[in-house]
Amino acid sequence: MKPTLFISDLHLSATRPAMVAAFGQFCAGPARDAAQLYVLGDLFDTWIGDEQLRDPMAAGVAAALAGVAAAGTGVGVMRGNRDLLLGARFAQAAGATLLPDAVVADIAGRPTLLLHGDTLCTDDLAYQEFRAKVRDPVRQRRFLALPYLARRALVALIRIKSRRATARKSETIMDVNADAVAAAFAQHRVDRMIHGHTHRPARHAVAGLGRDAERWVLPDWYDAGGYLAVDASGARMHAVAAPASPRGRG
Ligand code: LP5
Ligand code: MN
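Here's a quick rundown of the structure. (Residues numbered from 1 in each chain as written. Chains lettered and ligands numbered in written order. Predicted model: local features only at pLDDT ≥ 70, side-chain atom pairs only at ≥ 80, totals over all residues. Heavy atoms only, no water.)

## Considerations on the site of ligand 1
Turning to step 1, where the next piece is worked out: Within the structure, ligand 1 sits among 23 residues, and Arg-82, Asp-124, Arg-159, Lys-169 and His-197 are positioned closest to it.
Turning to step 2, where the next piece is worked out: In the environment of ligand 1, a nitrogen atom lies 2.9 Å from a nitrogen or oxygen atom belonging to the side chain of Ser-162.
Turning to step 3, where the next piece is worked out: Between ligand 1 and the protein, one listed contact pairs an oxygen atom with a side-chain N or O atom of Lys-169 at 2.7 Å.
Turning to step 4, where the next piece is worked out: Here ligand 1 has 1100 Å² of accessible area as a free molecule, and 82% of this is covered by the chains.
Turning to step 5, where the next piece is worked out: Among the elements that take part in the shell around ligand 1, helix 6 (residues 148–168) stands out by supplying nine residues, more than any other.
Turning to step 6, where the next piece is worked out: Considered class by class, the residues forming the shell around ligand 1 number 13 nonpolar, four polar and six charged. (Near = heavy atom within 4 Å. Polar contact = N/O pair within 3.5 Å; in protein donor to acceptor, adjacent residues only side chain to side chain. Areas by Shrake-Rupley, 256 points an atom, 1.4 Å probe, with all protein chains shown as cover. Helix = DSSP H or I, 4+ residues; strand = E, 2+ residues; numbered from the N terminus. Nonpolar A, V, L, I, M, F, W, Y, C, P; charged D, E, K, R; others polar.)

Right under this line is the structure:
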């Protein structure tokens, strides 16, 4: 049985070419031997609209995913908080299906809740307020109507403000809220959840839902990357190393 693979929080950017290369290798290798690949948000460091496909790095990433799809692996892409504006043109270029914010999928015979993870961080009130604003379709249309360079400048400004805000927030506030996690399990009637966003990779055993109930948190792709592989025998995390370069790691 071919496994289903999960990745998130790659934050791919031309400023970190080693991880873009690592993603290319992942797409040329393990992703092609999978039944399905799920990208659970923040594939890109930022996404300011599908015109970003004019950027060679972005076009290369879309082409790498299209190669995975052409090899017979289904590709599903969820939007994260960095790339919430991924749209139909990107999906078409990547041979991917854009997924809604919460998906319950049958993964190796077990209903599993898939999320980016930001909606579980309910203690981060400033973020949730910000999220509600940028998820507003009217605001998004207005933003997407701006010239490309103006959008880029605006997002650079938001990134500066976000960096300042997160530097002041405690680690606890930026982690998932236990009640929000319990509510998500109950609402979707599942005993397995997979998400990213917090960049704190782990398997959490979940009390009260049966022996195997679990919540997997996916790793980011900064110094190294990783993916979760799930098949009938269970779930296992795999590391992805940045490819060695003669001039050191970029
Ligand atoms: O990404 P990360 O992990 O560093 O931080 C996130 C939260 N921050 C964000 C913002 C993103 O970094 C950048 C967003 C890119 C959006 C591109 C499209 C824009 C579309 C607009 C359509 C209308 O998501 C951070 C969380 C953290 O995760 C942990 O969960 O804490 O949240 C914040 O930092 C939000 C701040 O607390 C409050 C908002 C500051 C921004 C204010 C915007 C002002 C705009 C000025 C424009 C003139
Ligand atoms: Mn995120």
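Having put the structure on the table, let's press on.
## Things to note about the side chain of Arg-151
Turning to step 1, where the next piece is worked out: By secondary structure assignment, the location of Arg-151 is in helix 6.
Turning to step 2, where the next piece is worked out: A polar contact of 3.2 Å, which involves the side chain of Arg-151, links it to the side chain of Glu-51.
Turning to step 3, where the next piece is worked out: Excluding anything up to four places from it in sequence, Arg-151 contacts Ile-48, Gly-49, Glu-51, Phe-143, Leu-144 and Leu-146. (Contact = heavy atoms within 4.5 Å.)

## Regarding the pairing of strand 1 (residues 4–7)
Turning to step 1, where the next piece is worked out: Both faces of strand 1 are covered, namely the face carrying Thr-4 and Phe-6 and the face carrying Leu-5 and Ile-7.
Turning to step 2, where the next piece is worked out: Pairing analysis gives four bridges linking strand 1 to strand 2 (residues 36–40), with the strands arranged parallel. If you follow Ile-7 over to strand 2, its bridge partner there is Val-39.
Turning to step 3, where the next piece is worked out: Regarding topology, helix 1 (residues 17–28) serves as the crossover connection from strand 1 to the parallel strand 2, and that connection is right-handed. (Buried < 20%, exposed > 50% of the residue type's maximum accessible area, 1.4 Å probe, protein only. Pairing = 2+ DSSP bridges. Right-handed = clockwise from strand over helix to strand, strands pointing away.)

## Remarks on helix 7 (residues 178–188)
Turning to step 1, where the next piece is worked out: Within helix 7, burial applies to Ala-180, Val-181, Ala-184 and Phe-185. When helix 7 is viewed along its axis, its buried side chains cluster within an angular range of 140° and face the same direction. Opposite the buried face of helix 7, at more than 90 degrees from it, the exposed residues are Ala-178, Asp-179, Ala-186 and Gln-187.
Turning to step 2, where the next piece is worked out: In this structure, the buried side of helix 7 is in contact with strand 6 (110–115), strand 7 (192–195) and strand 9 (214–217).
Turning to step 3, where the next piece is worked out: Two to three positions downstream of the cap, the backbone nitrogen of Asp-179 sits 2.8 Å from a side-chain oxygen, assigning the N-cap of helix 7 to Asn-177.
Turning to step 4, where the next piece is worked out: Backbone geometry just after helix 7 places Arg-189 at a positive phi near 50°. (Arc of directions from axis to C-beta.)

Bear in mind that shape data such as this cannot, by itself, settle questions of function.
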